[in-house]
Amino acid sequence: QTERVNLFHDFHLACCQGSLLDHQRRGLPHPARCPLCDQDEESIQHLLVSCMFACQVWTKILQRLGLVTVAPQPSVTQFSSWLCLALKNIPKEMR
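Residues numbered from 1 in each chain as written. Predicted model: local features only at pLDDT ≥ 70, side-chain atom pairs only at ≥ 80, totals over all residues. Heavy atoms only, no water.

J.: Break down the overall build of the chain for me, citing the residues and quoting the values.
T.: A tally of helices and strands in the chain yields 5 helices and 0 strands. The secondary structure elements of the chain, listed N-terminal to C-terminal, are α-α-α-α-α. By residue count, 28% of the 95 residues in the chain fall in the buried class. Considering only contacts within the chain whose residues lie at least 6 apart along the sequence, 30% involve residues at least 24 apart. (Helix = DSSP H or I, 4+ residues; strand = E, 2+ residues; numbered from the N terminus. Buried < 20%, exposed > 50% of the residue type's maximum accessible area, 1.4 Å probe, protein only. Contact = heavy atoms within 4.5 Å.)

Right, dumping it as structure tokens:
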């Protein structure tokens, strides 16, 4: 339970801190890499699906819904392509 709360809290905190582009536009200091994983450049695609923390959040949510098989894999780089594929693989009665 605590691990899930901390994971959500960390993910939410990073998203609320503002994006790299927001910080750049305003002349604010900002990290060049994702503040959650420090593995890749921060982008909306990264924060939604390719960040390991985002993947964990999606997996936890989809696991509770009995849909863990459609969770994004580490190779996913585009949210829209993952979502389309996931929707195709969800049984009709569950959509």
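J.: For the nonpolar core, give the residues involved together with the corresponding values.
T.: General note: in soluble globular proteins, nonpolar side chains tend to be found buried as a group. The biggest cluster of nonpolar side chains holds 9 residues, and these are Val-49, Leu-62, Leu-67, Val-70, Ala-71, Val-76, Trp-82, Ala-86 and Ile-90. Excluding residues within four positions of it along the chain, Val-49 makes contact with Ala-54, Cys-55, Trp-58, Pro-72, Val-76, Thr-77, Gln-78, Phe-79 and Trp-82. Counting 7 residues, the second largest nonpolar core, distinct from the first, contains Cys-34, Leu-36, Leu-47 and Ala-54. (Core = buried A, V, L, I, M, F, W, Y, C linked by side-chain atoms within 4.5 Å.)

J.: Please give an account of the environment of Leu-87 that cites residues and values.
T.: Looking at the secondary structure, you find Leu-87 in helix H5 (residues 79-89). The exposure class of Leu-87 is partly exposed, given its relative accessible area of 41%. The spacing of Leu-87 and Val-70 is 17 residues in sequence and 8.2 Å in space, taken between C-alpha atoms.

J.: I'd like a description of the environment of Ser-50, backed by residues and values.
T.: With respect to the helices and strands, Ser-50 occurs in helix H3 (residues 44-50). Residue class for Ser-50 comes out partly exposed when judged on its relative accessible area of 22%. C-alpha of Ser-50 to C-alpha of Phe-79: the two residues are 29 residues apart in sequence and 8.4 Å apart in space. When sequence neighbours within four positions are dropped, the list of residues in contact with Ser-50 reads Gln-45 and Val-76. Polar side-chain contacts of Ser-50 include one of 3.2 Å to the side chain of His-46. (Polar contact = N/O pair within 3.5 Å; in protein donor to acceptor, adjacent residues only side chain to side chain.)

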